Amino acid sequence: MIRLIKERKKDVTTILGIMSIVLLLIAMFFPDKLWGVHYIAFLPKPIGYAILGSLIAIFLVSEFFPVDKYIHRVSVAKKTEFVVVFLVALVAGVVYYSFPICANVYGDTELFSRMMGFSTDQLIPLYAENLFSLDVSSPKTGNLTVLSGVRLLSYYLNISHQEAYQLVGVVCGFLYVVLWGVFTTNFFERTTTKIALFTIGVAAPYTQIFFGYQEIYAPSVLTFTMYLCAVVYFFNTRKKVHFLLITVLYFLCLKSHSSAFLLMPTYLMVISNGFANGILNNTFLKSWTRGLMFVILPILLLGGVVYFFVLEAHSEPRFLGEDVDIYT
């Protein structure tokens, strides 16, 4: 199967491109039926048609004209690449700040806004304690950490919580774009690959959380990206000195969102390669089938058991526990 995909790589890419464009077209005319990919339907029609037209044009050019061969020959100095990345990050930061999300109606945003109020006018020691706490055992660690930071920003800068969220989004978004740009320009060699992956990362739908979104996810996207980029570099350099950095970054991931526990297998792989002669990597991950059997499937099965039978989260109403004092 893998050999067939490699041999027919061009055909697979073409089919995936056509399917993606068709899916966006259908979602544009039937947004209620395709939640998650229907965002173009909510744009002004001229802009929506322009985006779809651009996608189709890029697809056709890539299919029938060897643009890749010409772009690949372009050699750009590393300093120039960094300057471009930095400038794009600056523009992205300005955009994140200038166009805050118009309605906070998703997830816990309405709940946070209602329970936390307009701003923080009184300093409570609990805020700093939660922000700098080393305890990551609580499922609400991310909430306590980020919302404590928002409260402290609101108090010390004398701004509203909405403005504090905007500030957090701009800083995290700027750093994310810089990090992703540095990673793609240094890790990959082909110019077209660098441009494509950098564009995908900057324009990814999840970057909406950087637009003043009143949620806790902006820091977690940044920390998760930092951690995963560091892990990739570690497996290519095999320098044990990077282990300490990865450990710190993994802790920051756990502080920003409890879902970082799902990254534990990657951290165990780093430990294995750094201190156990790569036993875990050599034994289980040399083959993608072994990786699937011994890493991916156990995580899915264990996660399913915890989700449905331990936490019973599939039928649990969303609420804030009484022990979470930070919201009141």
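Computed from a predicted model, the values in this text were never measured in an experiment.

1. Side note on the pattern of salt bridges
Two side chains bearing opposite charge may form a pair once their charged atoms approach each other closely.
Thinking step 1. Applying the stated rule across the entire model yields one salt bridge.
Thinking step 2. As a salt-bridge pair, Glu81 and Lys194 come within 2.9 Å of each other at their nearest N and O atoms. Residue Glu81 is found in helix α5 (residues 78-98), and its partner Lys194 is found in helix α10 (residues 191-203); the two are separated by 113 residues along the sequence.
Thinking step 3. The buried category is assigned to Glu81, whose relative accessible area is 11%.

2. Considering helix α3 (residues 45-64)
Thinking step 1. Over its 20 residues, α3 extends 28 Å from the first C-alpha to the last, a length consistent with the 28 Å expected when each residue adds 1.5 Å.
Thinking step 2. Those residues of α3 not exposed but buried are Gly48, Leu52 and Phe59. Relative to the axis of α3, the buried residues are bounded by an arc of 25 degrees and lie together on one face. Projecting away from the buried face of α3 at angles above 90 degrees are the exposed residues Pro46, Ile58 and Phe64.

3. Side note on the environment of Ser98
Thinking step 1. Its location among the elements puts Ser98 in helix α5.
Thinking step 2. Measuring from C-alpha to C-alpha, the distance between Ser98 and Gly212 comes to 9.3 Å, with 114 residues separating the pair along the chain.
Thinking step 3. Side-chain polar atoms of Ser98 contact the backbone oxygen of Val94, separated by 2.7 Å.

4. Regarding the packing of helix α8 (residues 141-157) against helix α9 (residues 161-187)
Between two packed helices, the angle of one axis relative to the other and the distance separating the axes together describe the packing.
Thinking step 1. Between α8 and α9, the shortest axis-to-axis distance is 9 Å and the interhelical angle comes to 115 degrees. The orientation of α8 relative to α9 falls into the category roughly perpendicular. Crossing angle aside, the handedness with which α8 passes α9 is right-handed. Contacts from Leu147, Val150, Arg151, Leu153, Ser154 and Leu157 in α8 reach His161, Ala164, Tyr165, Leu167 and Val168 in α9.
Thinking step 2. Taken together, the residues of the contact of α8 with α9 sort by class into eight nonpolar, two polar and one charged.

5. Digging into the side chain of Ser119
Thinking step 1. With respect to the helices and strands, the residue Ser119 is situated in the loop between α6 (109-116) and α7 (125-132).
Thinking step 2. Engagement of the side chain of Ser119 in a polar contact is seen with the side chain of Asp121, the distance being 3.3 Å.
Thinking step 3. Those residues in contact with Ser119 that lie beyond four places of it in its chain are Ser154, Ile159, Ser160 and His161.

6. Considerations on the packing of aromatic side chains
Thinking step 1. What the rule picks out here adds up to 16 aromatic pairs.
Thinking step 2. Considering the side-chain rings of Tyr96 and Phe211, the 5.0 Å spacing of their centres and the 85 degrees angle between planes classify their relative orientation as edge-to-face. A residue pair is termed long-range when its members are at least 10 positions apart, and Tyr96 in helix α5 and Phe211 in the loop between α10 and α11 (217-237) qualify at 115 residues.
Thinking step 3. Of the residues examined, Tyr96 reaches a relative accessible area of 4% and is grouped as buried.
Thinking step 4. Each ring, one from Phe187 and one from Phe188, has its centre 5.1 Å from the other, and the planes form 85 degrees; the classification is edge-to-face.
Thinking step 5. Residue Phe187 is classed as partly exposed on the basis of its relative accessible area of 29%.
Thinking step 6. Each residue in the set Tyr96, Tyr176, Tyr206, Phe210 and Phe211 is aromatic and connected to the rest through ring pairs, giving one cluster.

7. Observations regarding a nonpolar patch on the surface
Thinking step 1. The grouping of Ile18, Val22, Leu25, Ile26, Phe29, Phe30 and Tyr49 at the surface amounts to a nonpolar patch, some 650 Å² of accessible area in total.
Thinking step 2. Among the elements that make up the nonpolar patch, the one with the highest residue count is helix α2 (residues 9-29) (five residues).
Thinking step 3. With respect to the helices and strands, the residue Val22 is situated in helix α2.
Thinking step 4. Residue Val22 is classed as partly exposed on the basis of its relative accessible area of 38%.

8. Brief notes about the nonpolar core
Thinking step 1. Counting 21 residues, the largest nonpolar core has Tyr96, Cys172, Tyr176, Val177, Ile209, Phe210 and Ala218 as the members making the most contacts within it.
Thinking step 2. Those elements giving two or more residues to this core turn out to be α5, α9 and α11.
Thinking step 3. It is α9 that contributes the most residues to this core, eight residues altogether.
Thinking step 4. If sequence neighbours within four positions are ignored, Phe210 has contacts with Tyr96, Gly169, Val170, Cys172, Gly173, Tyr176, Ala218 and Val221.
Thinking step 5. Among the nonpolar cores identified, the runner-up in size contains 18 residues, and Val136, Phe235, Cys253 and Leu263 belong to it.

Calculation rules
- Residues numbered from 1 in each chain as written.
- Predicted model: local features only at pLDDT ≥ 70, side-chain atom pairs only at ≥ 80, totals over all residues.
- Heavy atoms only, no water.
- Salt bridge = Lys/Arg side-chain N within 4 Å of Asp/Glu carboxyl O.
- Helix = DSSP H or I, 4+ residues; strand = E, 2+ residues; numbered from the N terminus.
- Buried < 20%, exposed > 50% of the residue type's maximum accessible area, 1.4 Å probe, protein only.
- Expected span 1.5 Å × (residues − 1).
- Arc of directions from axis to C-beta.
- Polar contact = N/O pair within 3.5 Å; in protein donor to acceptor, adjacent residues only side chain to side chain.
- Axes fitted to C-alpha atoms, helices over the stretch in contact; angles between N-to-C directions.
- Parallel < 35°, antiparallel > 145°, perpendicular 65-115°, else oblique.
- Left-handed = near helix turned anticlockwise from the far one by under 90°.
- Contact = heavy atoms within 4.5 Å.
- Nonpolar A, V, L, I, M, F, W, Y, C, P; charged D, E, K, R; others polar.
- Phe/Tyr/Trp six-rings, centres within 6.5 Å; stacked < 30°, edge-to-face > 60°.
- Patch = residues over 30% accessible without salt bridge, like charges linked within 9 Å, V, L, I, M, F, W, Y side chains within 5 Å.
- Areas by Shrake-Rupley, 256 points an atom, 1.4 Å probe, with all protein chains shown as cover.
- Core = buried A, V, L, I, M, F, W, Y, C linked by side-chain atoms within 4.5 Å.

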